[in-house]
Amino acid sequence: MAYSIQDKTILVTGANRGIGEALVKELVARGAGRVYAAARNTASLAELVAQAPEVIVPVQLDVTNAADISSLANDITSLDVLINNAGIANFSNFSGESTLSIAASEMATNYFGPVNLTHAFLPTLHKSSAAAVINVSSVAGIANFPTLGPYSASKAAVHSFTQGLRAELRKAGIFVQGVYPGPVDTDMTKDFETDKASPAEVAKSVLTGLQQGDEDVYPDAFAQQMYAIYNQNPKQLEQQFAAILD
Ligand SMILES: NC(=O)c1ccc[n+]([C@@H]2O[C@H](COP(=O)([O-])OP(=O)(O)OC[C@H]3O[C@@H](n4cnc5c(N)ncnc54)[C@H](OP(=O)(O)O)[C@@H]3O)[C@@H](O)[C@H]2O)c1
């Protein structure tokens with residue numbers, strides 16, 4: 001499948017910084033017709049919108065808020081691509097005192113947010129002749145990264161959601177892509193010392209993947225190396241990630 005971004009209408013969640021902001025910029029560069037940039041606080045989108053005010057439309061959205069989701073789905077009556085990017089990460093484990101509340105909030109944002117938003121926009125996506133849904137999971141979603149245990153579980157849920165949604169929408173011709181980044185240089189990883197990909201590099205890989213019809217995108221070198229291990233032997237990747245606690 002070759003997909004053209006030219007003139008398409010696209011909604012990006014978590015668009016005010018990090019990977020979401022980079023996706024909006026790259027969509028504009030690749031000729032998107034209209035990009036709805038969603039953020040909890042629309043004032044935080046001002047600089048981004050100013051770069052292409054004729055294309056970028058700021059919209060308010062907290063992906064954990066059902067009223068926000070239904071209001072946005074009412075307002076946006078034409079949409080080709082939904083990009084579920086917004087997410088949160090706590091560097092925490094399954095043994096800590098706050099495990100339950102952290103796990104609940106990560107599932108609410110990272111998993112139930114995309115599920116609810118996608119559900120709300122499906123009737124609109126079905127009206128598009130070139131519809132797609134892109135879900136940003138993580139390489140920690142294919143094997144648990146133990147310093148991000150509950151987060152990894154929420155991203156595994158996104159991975160499974162992506163597979164199920166893809167199967168369900170295949171006959172309707174709606175393309176579903178999963179994105180599995182390694183460490184990316186954004187606010188999310190500011191306290192995590194390691195080599196990181198740039199958000200711009202990730203955005204380019206995601207959108208090239210969309211244009212090429214790649215269902216699974218491992219957008220950076222670390223993610224590609226980890227996927228190569230997983231592809232050979234999933235247990236080996238689990239053990240390699242587990243070794244971070246040694
Ligand atoms: N950075 C990495 O290493 C990495 C690796 C793998 C996957 N990812 C995934 O990539 C995606 C983007 O992350 P990032 O690295 O760009 O992180 P980031 O810089 O921390 O940005 C996160 C974005 O999500 C938004 N957000 C958080 N909770 C939200 C909510 N309830 N409703 C709406 N928006 C919400 C934030 O908005 P506010 O400004 O309002 O907080 C912000 O725009 C996430 O799904 C993340 O899990 C990141």
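Residues numbered from 1 in each chain as written. Predicted model: local features only at pLDDT ≥ 70, side-chain atom pairs only at ≥ 80, totals over all residues. Heavy atoms only, no water.

A. Focus on the pairing of strand 3 (residues 56–60). Strand direction decides the pairing type here: strand 2 (residues 34–39) and strand 3, joined by five bridges, are parallel. Of the residues in strand 3, the one forming a bridge with Ala38 is Val59. Read as a crossover between parallel neighbours, the route from strand 2 over helix 2 (residues 46–51) to strand 3 is right-handed. (Pairing = 2+ DSSP bridges. Helix = DSSP H or I, 4+ residues; strand = E, 2+ residues; numbered from the N terminus. Right-handed = clockwise from strand over helix to strand, strands pointing away.)

B. Structural context of the sheet that holds strand 7 (residues 216–217). The sheet built from seven strands is open, its strands ordered 3-2-1-4-5-6-7 with parallel pairing. Of all the strands in the sheet, just strand 3 and strand 7 have a single pairing partner and so form its edges. Seen against the sheet, helix 1 (residues 18–29) touches strand 1 (9–12), strand 2, strand 3 and strand 4 (81–84) and runs at an angle of roughly 165° to strand 1. (Contact = heavy atoms within 4.5 Å. Axes fitted to C-alpha atoms, helices over the stretch in contact; angles between N-to-C directions.)

C. Local environment of the packing of helix 7 (residues 221–232) against helix 8 (residues 234–242). Packing of helix 7 against helix 8 leaves a shortest axis separation of 5 Å and a crossing angle of 130°. With respect to helix 8, the axis of helix 7 lies oblique. On helix 8, the residues touching Phe222, Met226, Ile229, Tyr230 and Gln232 of helix 7 are Pro234, Gln236, Leu237, Gln240 and Phe241. Grouping the amino acids of the contact of helix 7 with helix 8 by side-chain chemistry returns seven nonpolar, three polar and no charged. (Parallel < 35°, antiparallel > 145°, perpendicular 65-115°, else oblique. Nonpolar A, V, L, I, M, F, W, Y, C, P; charged D, E, K, R; others polar.)

D. View of the pairing of strand 1. Burial along strand 1 is two-sided: the residues Thr9 and Leu11 and Ile10 and Val12 are all buried. Sheet topology places strand 1 next to strand 2; four bridges connect them, and they run parallel. Each bridged residue has a counterpart across the sheet, and for Leu11 the counterpart in strand 2 is Tyr36. Crossover strand 1 to strand 2 through helix 1 is right-handed. As defined by bridge partners, strand 1 adjoins strand 4 across three bridges and the pair is classed as parallel. Among the inter-strand pairings, Ile10 is bridged to a residue of strand 4, identified as Val81. (Buried < 20%, exposed > 50% of the residue type's maximum accessible area, 1.4 Å probe, protein only.)

E. Region of interest: unusual backbone geometry. Look at Asp7: it is not a glycine, yet its phi comes out positive at around 65°. Considering the arrangement of structural elements, one finds Asp7 in the segment before strand 1.

F. Inspection of the site of the ligand at higher detail. If you check the shell around the ligand, you find 28 residues, and the closest are Asn16, Arg40, Tyr151, Val184 and Thr186. Take Lys155: an N or O atom from its side chain is 2.9 Å from an oxygen atom of the ligand. Measuring from an oxygen atom of the ligand, one finds a backbone N or O atom of Val184 at 2.7 Å. Within the complex, 93% of the 900 Å² of free accessible area of the ligand lies under protein. Of all the secondary-structure elements, those providing two or more residues to the shell around the ligand are helix 1 and helix 5 (149–169). Classifying every residue of the shell around the ligand by side-chain character gives eleven nonpolar, twelve polar and five charged. (Near = heavy atom within 4 Å. Polar contact = N/O pair within 3.5 Å; in protein donor to acceptor, adjacent residues only side chain to side chain. Areas by Shrake-Rupley, 256 points an atom, 1.4 Å probe, with all protein chains shown as cover.)

G. Fine view of the pattern of salt bridges. A complete count under the given rule lists seven salt bridges for this structure. Linking Lys235 and Glu238 is a salt bridge whose minimum nitrogen-to-oxygen distance equals 3.2 Å. With Lys235 and Glu238 both in helix 8 and three residues apart, this pair spans about one turn of that helix. Judged by its relative accessible area of 44%, Lys235 falls in the partly exposed class. The exposure class assigned to Glu238 is partly exposed, which follows from its relative accessible area of 40%. (Salt bridge = Lys/Arg side-chain N within 4 Å of Asp/Glu carboxyl O.)

H. Examining the packing of aromatic side chains more closely. Throughout the structure, instances matching the rule amount to seven aromatic pairs. Geometrically, the ring pair formed by Phe91 and Phe192 is tilted, given 5.5 Å between the ring centres and 40° between the ring planes. Of this pair, Phe91 sits in the loop between strand 4 and helix 4 (99–126) while Phe192 sits in the loop between strand 6 (175–179) and helix 6 (199–212); the two residues are 101 residues apart in sequence, bridging distant segments of the chain. Using a relative accessible area of 42% as the deciding quantity, one classes Phe91 as partly exposed. Centroid distance Phe145 to Phe241: 4.9 Å. Interplanar angle 75°. Geometry classified as edge-to-face. Pair noted here: Phe145 is in the loop between strand 5 (132–136) and helix 5 and Phe241 is in helix 8, with a separation of 96 residues, a long-range link. (Phe/Tyr/Trp six-rings, centres within 6.5 Å; stacked < 30°, edge-to-face > 60°.)

Interpretation note: all reported values are geometric properties and have no functional meaning in isolation.
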